[in-house]
Amino acid sequence: MPHKSGFVNIIGNPNVGKSTLMNNLVGERISIITSKSQTTRHRIKGIVNGDDFQIVYSDTPGVLKPNYKLQESMMKFSTSALVDADIILYVTDVVETIDKNEDFLKKVQNTDKPVILILNKIDLTNQEKLVEMMDVWKEKLPKAEIFPMSAKENFNVSNLFDRILELLPEGPPYFAKDEMTDLPSRFFVNEIIREKILTNYEKEIPYAVEVEVEEFKDEPKIINIMAVINVERTSQKGIIIGHQGKALKKVGTEARKDMEVFFGKKVFLKLYVKVAKDWRNKENKLKGFGYQQ
C-alpha cells in the first residue's frame, strides 16, 4: 500500500482560530488557545499518524507588522511556513477585514503550493453574508479551495481532514509513527505556564513574559519541574507575584493541574520570577529563548 506524508502549515492573522483548528486536526491540545492575540510565538508541530499516512501540522504565530525583535522572529516563523509546506491552510474568519495584512496575502497568492482557505467562525454570521464573503475570497485567492468552518464547534473539520489526505503527496514518514510532536516536554511546560499567565493577567503583562524551564526531572511517580518567569521590568515582577504571592500561586496551581493531565502523572512545580530587562529587543536573550537560530 502506498504511503502518504507531508507538512501542512497553518497560517493567518492573529485571533482567527488557527490554534483551535490545529488542536482539532491533531486530536490533542498542542497549541495554546486564549482570546488574546499573539498567543502563539513559535512554530508548533503536531503529528497525526495512520497506517498509510503521516500528516505533520504546523501552527504558526499570527501575521503582524513587527514592533520589536521578538515579533520580527515570530514573523520569520510565519513566512518560513509558506516555503516548506506541502499544503497551506490559510485561516481567516467572518469577522476580520479581507484586506488585512495585504502584503502577506500577496505571498499566499503567489505560492505554487496547494492552498486551502479556511473561512472560520461561520457560526457568527448568516448564510447570505457567508456566500458574499466566499465570492470575495474566490477573487482574492482564485487558486484556493474554500472551506467554511467553525473550528470551535468542530464543524466541517473532518471533511477538511479528508481533503488534506487526498492532497498529501506520497512519501515515507518524517517522524517515528508513535510521535505526537517534535518538541520536547520542556516546551509544553513553558507553554502551559504562559497560557495561565495569558488568562490571569491583563494588558501588557502576558506579552512581556517568557518562561524558562530550568529543571525537568521525570521520575517513576512524579515529574519535578522548576521554571523561571522572566519579565521586562521590576514593576511587572510585583504584578506577577501579587499580594502575598497569591497571583503566582494561582498560576502555579492551574499550570500544575494541566501538566498532570498532559503528562499523565503527578507534577511538583516550583515557579520563580526574575527581571530580564527589555528581553524582547535583545538578540542574545531571544536566541536563548529559542526565537532565533
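Conventions and cut-offs
Residues numbered from 1 in each chain as written. Predicted model: local features only at pLDDT ≥ 70, side-chain atom pairs only at ≥ 80, totals over all residues. Heavy atoms only, no water. Helix = DSSP H or I, 4+ residues; strand = E, 2+ residues; numbered from the N terminus. Rg over C-alpha atoms; globule rule 2.2 N^0.38 Å. Buried < 20%, exposed > 50% of the residue type's maximum accessible area, 1.4 Å probe, protein only. Contact = heavy atoms within 4.5 Å. Pairing = 2+ DSSP bridges. Axes fitted to C-alpha atoms, helices over the stretch in contact; angles between N-to-C directions. Parallel < 35°, antiparallel > 145°, perpendicular 65-115°, else oblique. Nonpolar A, V, L, I, M, F, W, Y, C, P; charged D, E, K, R; others polar. Arc of directions from axis to C-beta. Left-handed = near helix turned anticlockwise from the far one by under 90°. Core = buried A, V, L, I, M, F, W, Y, C linked by side-chain atoms within 4.5 Å. Phe/Tyr/Trp six-rings, centres within 6.5 Å; stacked < 30°, edge-to-face > 60°.

## Re the overall build of the protein chain
For the protein chain, the count of helices and strands is 9 helices and 9 strands. Taking 2.2 N^0.38 as the reference for a compact globule, 293 residues should give roughly 19 Å; the C-alpha atoms of the protein chain span a radius of gyration of 20 Å, in line with that estimate. Overall, the C-alpha framework of the protein chain stretches about 55 × 45 × 35 Å when taken along its three principal axes. When each of the 293 residues of the protein chain is scored for burial, the buried share is 52%. Put simply, of all contacts in the protein chain between residues at least 6 apart along the chain, 72% involve residues at least 24 apart.

## Here we look at the sheet that holds strand E8 (residues 222-231)
Strand-to-strand pairing in sheets goes through backbone hydrogen bonds, with the strands running parallel or antiparallel. Spatial ordering of the open sheet is given by E7-E8-E9, a layout of 3 strands whose pairing is mixed. Each of the sheet's edge strands pairs with one partner strand only, and the pair in question is strand E7 (210-218) and strand E9 (266-275). Mean inter-strand twist for the sheet, computed between neighbouring axes without regard to direction, equals 15°. Note that E8 and E9 share 10 bridges and pair parallel. Bridging from a neighbouring strand, Asn-224 pairs with Phe-268 of E9.

## Quick notes on the packing of helix H1 (residues 18-26) against helix H5 (residues 157-167)
Look at H1 against H5: their axes get within 10 Å of each other, and the N-to-C directions meet at 70°. Taken together, the axes of H1 and H5 lie roughly perpendicular to each other. Of the residues in H5, those touching H1 at Leu-21, Asn-24 and Leu-25 are Val-157, Leu-160 and Phe-161. For the contact of H1 with H5, the per-class residue count stands at 5 nonpolar, 1 polar and no charged.

## Thoughts on H5
Along H5, the positions that sit buried rather than exposed are Val-157, Leu-160, Phe-161 and Ile-164. Buried positions in H5, seen along its axis, are confined to an arc of 100° and lie on one side of it. In H5, those exposed residues whose orientation departs by more than 90 degrees from the buried face are Ser-158 and Glu-166.

## Points about the packing of helix H6 (residues 185-200) against helix H8 (residues 246-263)
Helix-helix packing: each pair is described by the crossing angle between the helix axes and the interaxial distance. Between H6 and H8, whose axes approach to 9 Å, the crossing angle comes to 140°. Looking at the two axes, H6 sits oblique to H8. When you trace H6 past H8, the crossing you get is right-handed. Each of Ser-185, Phe-188, Val-189, Ile-192, Ile-193, Glu-195, Lys-196, Ile-197 and Asn-200 in H6 lies in contact with H8, whose residues at this interface are Lys-250, Val-251, Glu-254, Ala-255, Asp-258, Met-259, Phe-262 and Phe-263. The residue makeup of the contact of H6 with H8, split by class, is 10 nonpolar, 2 polar and 5 charged.

## Topic: the nonpolar core
Within the largest apolar cluster, 27 residues are counted, with the highest numbers of intra-cluster contacts made by Leu-21, Tyr-57, Leu-89, Leu-160 and Ile-164. Put simply, the parts of the chain that give this core at least two residues each are strand E1 (4-12), H1, strand E2 (44-50), strand E3 (53-59), strand E4 (87-93), strand E5 (115-120), H5 and H6. With 25 residues, the next largest nonpolar core counts Ile-192, Leu-248, Val-267 and Leu-269 among its residues.

## With respect to the packing of aromatic side chains
Aromatic rings in a pair are described by how distant their centres are and how their planes are angled relative to each other. With the rule as written, the count across this model stands at 8 aromatic pairs. Ring geometry for Phe-7 and Tyr-174: centres 4.6 Å apart, planes at 55°, overall tilted. Residue Phe-7 is found in strand E1, and its partner Tyr-174 is found in the loop between H5 and H6; the two are separated by 167 residues along the sequence. Note on Tyr-174: relative accessible area 46%, which makes it partly exposed. Between the aromatic rings of Phe-187 and Phe-188, the centroid separation amounts to 5.4 Å while the plane-to-plane angle is 90°, which identifies the pairing as edge-to-face. Phe-188 carries the same exposure label as Phe-187, and that label is buried.

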